[in-house]
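Remarks on the overall topology
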Amino acid sequence: MKKYILVVLFALFIGFVWSAFLKTSSLSTLPVVMLESAEYAEKIDVITDSFREDALVSDVSIVECTLSAGTQTECFQFTTIQAPRTETVGPWCPTNITDAGAEAGGMWLENNEAYEVDGTFVANLNAFYEDEQWKLYDEATGEIYVTDTKEACEAAARPDVDEAYHNHCVECQISYLEELPEVTYTIPLEPVPGKTVQSINNQNGIGIAFNGVRYDAPAPVDAILAAHTIAPFDDCGGHVNPHVGYHYHAATDCPDQIIVDDEHAPVIGLALDGYAMHTQLNLDGTAPTDLDECNGHASNDLPYHYHVAEKGANQILGCYHGESGCVHDEKGIACDASVRTGGRGGR
Ligand SMILES: [Zn+2]
Ligand SMILES: [Zn+2]
């Protein structure tokens, strides 16, 4: 009798453990790390070696993930610090309308052009935008109104720009960030072409450069201009947002490049859908002529990949060809890109 009770209790216990396991495995927020295998190890090495040594602050792991159109597959997952580790960043805003030359400020993107932001550019914004309300400087001294504190940068970098910072040149210094934001990327191991192309707007990042800096969706220029502000990019195409750190809105020659052959444009990063991002131009200076609406093609024995748009475009990629993965600002979160909730975007 005693033995019978023990057996029943043991069976109940096993049942309890098993159901608890099933519950945690289906509801867990932790991605399941895949078993090691030689094939995975090789893929991890390839992706790890693509990045500059100090760009990653975690190992690359392989996890289960759900892509934007619901495909369940395997993804790379890794964490970076949201700042370039070696290049200096800036400058963005010139300080006086007499400041001249390329060193005076960064660049501003309009009409597919990248304009040098120097004192003259700022002084002539009213003519540039054909709107007399532009006046970012003190008439008596020529001094340009620049957001020069953390509070000013936060108030001016909001989508609804604080009235006090209308008619300002907006810049945020990396030193305003209490700590450099860490960003975790979950990107498909094998890209999955989408049934239709997907918009890249309003998302938290569209890819990553091999120096660890995020490529972002277009800066929301309408909101910025409506407040008669500009938030220039430095000559590498980047600027700092108080929440997301340093990020690129334009692809330039700054990020590390990986040469693939003696003709084709080098690789400069990885898009969030797992396809490689190449420079705009091939090594001989010509642009590919057969790009699709997402700026992509397959050619020269290379599988489908993107070429980034010219730096003036404020749109690094046209759209996603494949199902995209996730960008999180916390570690250890399972990627379900089919239920994207927005999160930290920003200008
Ligand atoms: Zn190509
Ligand atoms: Zn931005």
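That block above? That's the structure.
Just so you know, these numbers come straight off a predicted model, no measurement behind them.

1. Considering the environment of Val122
Checked against the element boundaries, Val122 lands in helix α3 (residues 119-123). The exposure class assigned to Val122 is buried, which follows from the 29 C-beta atoms found within 10 Å. Put simply, Val122 and Asp99 are 23 residues apart on the chain and 9.9 Å apart in space, counted from C-alpha to C-alpha.

2. A few points about the environment of Ile97
Tracing the sequence through the fold places Ile97 in the loop between β2 (72-81) and β3 (107-110). With residues near it in sequence (within four places) discarded, Ile97 still touches Gly119, Thr120, Val122, Ala123, Tyr137, Gly142 and Ile144.

3. Description of the sheet that holds strand β1 (residues 61-66)
One open sheet accounts for 4 strands, arranged β1-β2-β5-β16; its pairing is antiparallel. Looking along the sheet, the strands with just one partner apiece sit at the ends: β1 and β16 (326-328). On average, each strand axis in the sheet is inclined to that of its neighbour by 30°, with strand direction left out of account. Alignment of strand β5 (residues 182-188) against β16, held across 3 bridges, turns out to be antiparallel. Paired with Tyr185 across the bridge in β16 is Val327.

4. Regarding unusual backbone geometry
Omega for the peptide link from Gly90 to Pro91 comes to 0°, which places this bond in the cis form. For Asn314, which is not a glycine, the phi torsion comes out positive at approximately 50°. Its place among the elements puts Asn314 in the loop between β14 (302-307) and β15 (320-322).

5. What about the nonpolar core?
Counting residues in hydrophobic clusters, the biggest one holds 74 residues, and the most contacted among them are Val122, Ile144, Cys169, Ile206, Ala271, Met277 and Leu317. Among the elements that take part in this core, strand β11 (residues 267-271) stands out by supplying 4 residues, more than any other. The contact partners of Cys169, leaving out residues within four places of it in the chain, are Cys93, Val122, Leu136, Ile144, Tyr145, Val146, Ile230 and Pro232.

6. A short note on the environment of Glu87
Note on placement: Glu87 falls in the loop between β2 and β3. According to the C-beta neighbour criterion, Glu87 is partly exposed, with 14 such atoms within 10 Å. Considering only alpha carbons, one finds Glu87 and Asn211, 124 residues apart in sequence, at a separation of 9.5 Å. Among all residues touching Glu87, those that are not within four sequence positions of it are Cys236 and Cys254.

Cut-offs applied
- Residues numbered from 1 in each chain as written.
- Chains lettered and ligands numbered in written order.
- Predicted model: local features only at pLDDT ≥ 70, side-chain atom pairs only at ≥ 80, totals over all residues.
- Helix = DSSP H or I, 4+ residues; strand = E, 2+ residues; numbered from the N terminus.
- Buried ≥ 20, exposed ≤ 12 C-beta atoms within 10 Å, placed from the backbone.
- Contact = placed C-beta atoms within 7 Å.
- Pairing = 2+ DSSP bridges.
- Axes fitted to C-alpha atoms, helices over the stretch in contact; angles between N-to-C directions.
- Core = buried A, V, L, I, M, F, W, Y, C linked by C-beta atoms within 7 Å.

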